[in-house]
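# Tertiary structure, described
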Amino acid sequence: MDRIIRYAKTVQEVIIEHQSFANQAGNQHYECVFDTANNRFLLVDVGWQNDERFYAIVIHIDIIEGKLWIQRDATEDGIVDALLAAGVPKDHIVLGYRSPFIRQFTEFAVA
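Residues numbered from 1 in each chain as written. Predicted model: local features only at pLDDT ≥ 70, side-chain atom pairs only at ≥ 80, totals over all residues. Heavy atoms only, no water.

## Considering the pairing of strand 1 (residues 29–35)
Relative to strand 2 (residues 40–49), strand 1 is paired through 7 bridges, and the arrangement is antiparallel. Looking at strand 2, one finds that Cys32 is bridged to Leu43. The antiparallel pairing of strand 1 with strand 2 creates a hairpin that spans 4 residues between the two strands, and Asn39 there sits at a positive phi of about 55 degrees. (Pairing = 2+ DSSP bridges. Helix = DSSP H or I, 4+ residues; strand = E, 2+ residues; numbered from the N terminus.)

## Some words on the pattern of salt bridges
The full count for this structure, using the stated rule, is 3 salt bridges. Salt-bridge contacts for Glu13 lead to Lys9; the nearest nitrogen and oxygen are separated by 3.4 Å. With Glu13 and Lys9 both in helix 1 (residues 2–25) and 4 residues apart, the pair spans about one turn of that helix. (Salt bridge = Lys/Arg side-chain N within 4 Å of Asp/Glu carboxyl O.)

## As for unusual backbone geometry
At Asn39, a residue that is not glycine, the phi angle is positive and equals roughly 55 degrees. With a phi angle near 50 degrees, Glu65 is a residue other than glycine that sits in the positive phi range. Tracing the backbone shows Glu65 in the loop between strand 3 (52–64) and strand 4 (67–73).

## Digging into the nonpolar core
Within the largest apolar cluster, 22 residues are counted, with the highest numbers of intra-cluster contacts made by Ile61, Leu68, Ile70 and Leu83. Within the residue set of this core, elements represented by two or more residues are helix 1, strand 2, strand 3, strand 4 and helix 2 (80–85). For this core, the element with the most residues is helix 1, which contributes 6 residues. Other than its neighbours up to four places away in sequence, Ile61 contacts Val11, Asn39, Arg40, Phe41, Leu68, Trp69, Ile70, Ile79 and Leu83. (Core = buried A, V, L, I, M, F, W, Y, C linked by side-chain atoms within 4.5 Å. Buried < 20%, exposed > 50% of the residue type's maximum accessible area, 1.4 Å probe, protein only. Contact = heavy atoms within 4.5 Å.)

## So, the packing of aromatic side chains
In total, this model carries 2 aromatic pairs according to the counting rule given. Between Phe101 and Phe105, the ring centres sit 5.3 Å apart and the planes meet at 75 degrees, which makes this aromatic pair edge-to-face. Taking relative accessible area as the criterion, Phe101 reaches 55% and is therefore assigned exposed. Residue class for Phe105 comes out exposed when judged on its relative accessible area of 58%. (Phe/Tyr/Trp six-rings, centres within 6.5 Å; stacked < 30°, edge-to-face > 60°.)

What follows is the structure in structure tokens.
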């Protein structure tokens, strides 16, 4: 349980850092969505471009069975490096946006 709490805190810190950086970069608005009861963490991009409304999920990470599942990563540099720098081991990171077949060829957890 301690690991899950630590990972939840780490994920929130990494996403908040991305939000701060992204909000400084332009006229879009980035929002953190943290569902700590279910261990789901998102960064969403919301706003208007001309007369068109846009909404995009930039980052989506779930904690499932003690591992960080990266469901979506539309960041320029990738979220994995920030998680590794924060001390999360590669075998606790699942690239959920990759097919199960491809995951076996990465350096990260398969599930």
